[in-house]
Amino acid sequence: MALPSVSRFHDRAADYVKYRPSYPPAAIDAILDGLDAPARLRAADVGAGTGISARLLADRGVHVVAVEPGEIMRGSAAPHANVQWTAGTAEATGLRASAFDLALCAQAFHWFRQQEALIELARILRPGGRLAIMWNRRSMTDPLTLGYRQAILDVGGEIAEERIAFDPAIVARSGAFSAPDRVAFPNMHRLDLDGLIGRARSASYVPKSGPEGERLLELLRTLHATYADADGVVTMIYETEIYRATKR
């Protein structure tokens, strides 16, 4: 039986903090576009992990409540004066109703019970508030990025939840939100060999030990040797996509 999603990153938090890609400034611009001045906004970052997206919003002046069920993930987050952390799930955040201008789900929505989560996200948003669902999607054409994904697949390190395609129609079908629009931005993640290995090990269910863990190291070292530049760095290519909807 698979581990519950809440506990699947318990042994990954350190690698998650060090090696997960961030999001480009243009993506944060798009999330905030058309809303009030950042310093006047209250945002809930739901499924916040170690706070990558929460801190990016907070850097703009937004007051953020980061909701994360995993104690180890919360404890691994770097503090920020504009970020308050709380334990909760997407289906039961524990936050006040109609208290937020923005609800963000970054690299997390596929783990939620989506219909229940949408009801909860609508509950905490004020009327006219914004829902933003964001992912970094790996390139399907860049050779290094494709090789990385194949290495993960070769050692059985990807599970069904991580392959689920997002159907944006589910947002409007909830009855609580408008049909979402989509915007996307290029995003690059430069990694040395340790970073490439750490990026892989930050993903849930990627083997970290045993024969498959050793096989993964071999595959990643070969990838790095093939694609590294003169500085010993490879570049993973992503597209950061965002779906934005308005609470009815």
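Scroll up to find the structure.
Residues numbered from 1 in each chain as written. Predicted model: local features only at pLDDT ≥ 70, side-chain atom pairs only at ≥ 80, totals over all residues. Heavy atoms only, no water.

Colleague: Now, about the overall build of the protein chain: what can you tell me, with residues and values included?
Modeller: A count of helices and strands for the protein chain gives nine helices and seven strands. Relative to the 2.2 N^0.38 estimate, which gives 18 Å for 248 residues, the radius of gyration of the protein chain is 18 Å and therefore close to what a compact globule would have. Expressed along its principal axes, the backbone C-alpha trace of the protein chain runs to roughly 50 × 40 × 35 Å. Taken over 248 residues, the protein chain has a buried fraction of 52%. In the protein chain, 76% of the contacts between residues at least 6 apart in sequence involve partners at least 24 apart. By element, 53% of the accessible surface of the protein chain is carried by carbon and sulfur atoms, the whole surface being about 11200 Å². Within the protein chain, one finds 29 positive and 29 negative side-chain charges whose respective centroids are separated by 5 Å. (Helix = DSSP H or I, 4+ residues; strand = E, 2+ residues; numbered from the N terminus. Rg over C-alpha atoms; globule rule 2.2 N^0.38 Å. Buried < 20%, exposed > 50% of the residue type's maximum accessible area, 1.4 Å probe, protein only. Contact = heavy atoms within 4.5 Å. Areas by Shrake-Rupley, 256 points an atom, 1.4 Å probe, with all protein chains shown as cover. Lys, Arg positive; Asp, Glu negative; His and termini not counted. Charge placed at Lys NZ, Arg CZ, Asp CG, Glu CD.)

Colleague: A description of the sheet that holds strand 5 (residues 125-138) should follow, citing residues and the corresponding values.
Modeller: Two pairing modes exist for strands in a sheet, parallel and antiparallel, and in both the strands are linked by backbone hydrogen bonds. Taken in spatial order, the seven strands line up as 3-2-1-4-5-7-6 in an open sheet, and their pairing is mixed. The two strands at the open ends of the sheet, each matched to only one other strand, are strand 3 (83-86) and strand 6 (181-191). Averaged over all adjacent pairs, the angle separating strand axes in this sheet is 20°, with direction ignored. Where strand 1 (residues 42-46) meets strand 2 (residues 63-67), five bridges bridge the pair, whose relative direction is parallel. Considered in strand 2, the bridge of Arg42 is made with His63. (Pairing = 2+ DSSP bridges. Axes fitted to C-alpha atoms, helices over the stretch in contact; angles between N-to-C directions.)

Colleague: Just give me the short version of unusual backbone geometry, but keep the residues and values in it.
Modeller: Apart from glycine, the bulk of residues carry a negative phi angle, and the bulk of peptide bonds sit in the trans form. Located in the positive-phi region is Ser98, a residue other than glycine, with phi close to 55°. Tracing the backbone through its elements, the reader meets Ser98 in the loop between strand 3 and strand 4 (100-106). Residue class for Ser98 comes out partly exposed when judged on its relative accessible area of 42%. One non-glycine residue, Gln107, lies in positive phi territory at about 60°. Secondary-structure assignment places Gln107 in the loop between strand 4 and helix 5 (114-124).

Colleague: Could you give me a rundown of helix 3 (residues 52-59), with the residues and numbers involved?
Modeller: Extensive coverage of helix 3 is indicated by the burial of six of its eight residues. When helix 3 is considered as a whole, its buried residues turn out to be Ile52, Ser53, Ala54, Leu56, Leu57 and Ala58. Immediately beyond the C-terminal end of helix 3, within one or two residues, lies Gly61, with a positive phi of roughly 105°.

Colleague: Describe the side chain of His224, listing the residues and the values that go with them.
Modeller: Here His224 is to be found in helix 9 (residues 210-227). On the accessibility criterion, His224 (12% relative accessible area) is buried. If sequence neighbours within four positions are ignored, His224 has contacts with Asp192, Leu193, Leu196, Gly232, Val233 and Val234.

Colleague: Would you mind going over the pattern of salt bridges in detail, with residue names and values included?
Modeller: Scanning all chains against the criterion turns up 13 salt bridges. For Arg123, the salt bridge identified is with Glu120, shortest N-O distance 2.9 Å. Of the two residues, Arg123 and Glu120 both sit in helix 5, three residues apart, roughly one turn of that helix. A salt bridge links Arg137 to Glu241; the nearest nitrogen and oxygen atoms lie 2.8 Å apart. Taken together, the positions of Arg137 in strand 5 and Glu241 in strand 7 (residues 234-246) put the pair 104 residues apart, joining distant regions of the chain. (Salt bridge = Lys/Arg side-chain N within 4 Å of Asp/Glu carboxyl O.)

Colleague: Describe the environment of Arg182, and please don't skip the residues or the numbers.
Modeller: Its place among the elements puts Arg182 in strand 6. Distance from Arg182 to Glu241, taken between C-alpha atoms, is 6.9 Å for residues 59 residues apart in sequence. Those residues in contact with Arg182 that sit more than four places away from it in its chain are Glu239, Glu241, Ile242 and Tyr243. Here the side chain of Arg182 touches Glu239 through a polar contact of 2.9 Å, side chain to side chain. Within the structure, the side chain of Arg182 is placed 2.9 Å from the side chain of Glu241, a separation counted as a polar contact. (Polar contact = N/O pair within 3.5 Å; in protein donor to acceptor, adjacent residues only side chain to side chain.)

Colleague: Tell me about the packing of aromatic side chains, and name the residues and values.
Modeller: The final tally for this structure, using the stated rule, is four aromatic pairs. Relative to Phe112, the ring of Phe109 has its centre 5.7 Å away and its plane inclined at 70°; by these criteria the two rings are edge-to-face. Each of the two residues, Phe109 as well as Phe112, counts as buried. Seen in terms of ring centroids, Trp135 and Phe166 are 5.1 Å apart; in terms of plane orientation they differ by 50°. Their pairing is tilted. Linking Trp135 in strand 5 with Phe166 in the loop between helix 6 (143-154) and helix 7 (169-173), this pair joins segments that are 31 residues apart in sequence. Grouped by ring-pair contacts, the aromatic residues Phe109, Phe112, Trp135, Phe166 and Tyr243 constitute a single cluster. For Arg137, the ring lying beneath its charged end belongs to Trp135, and the centroid distance is 4.3 Å. (Phe/Tyr/Trp six-rings, centres within 6.5 Å; stacked < 30°, edge-to-face > 60°. Lys NZ or Arg CZ within 6 Å of the ring centre and 35° of its normal.)

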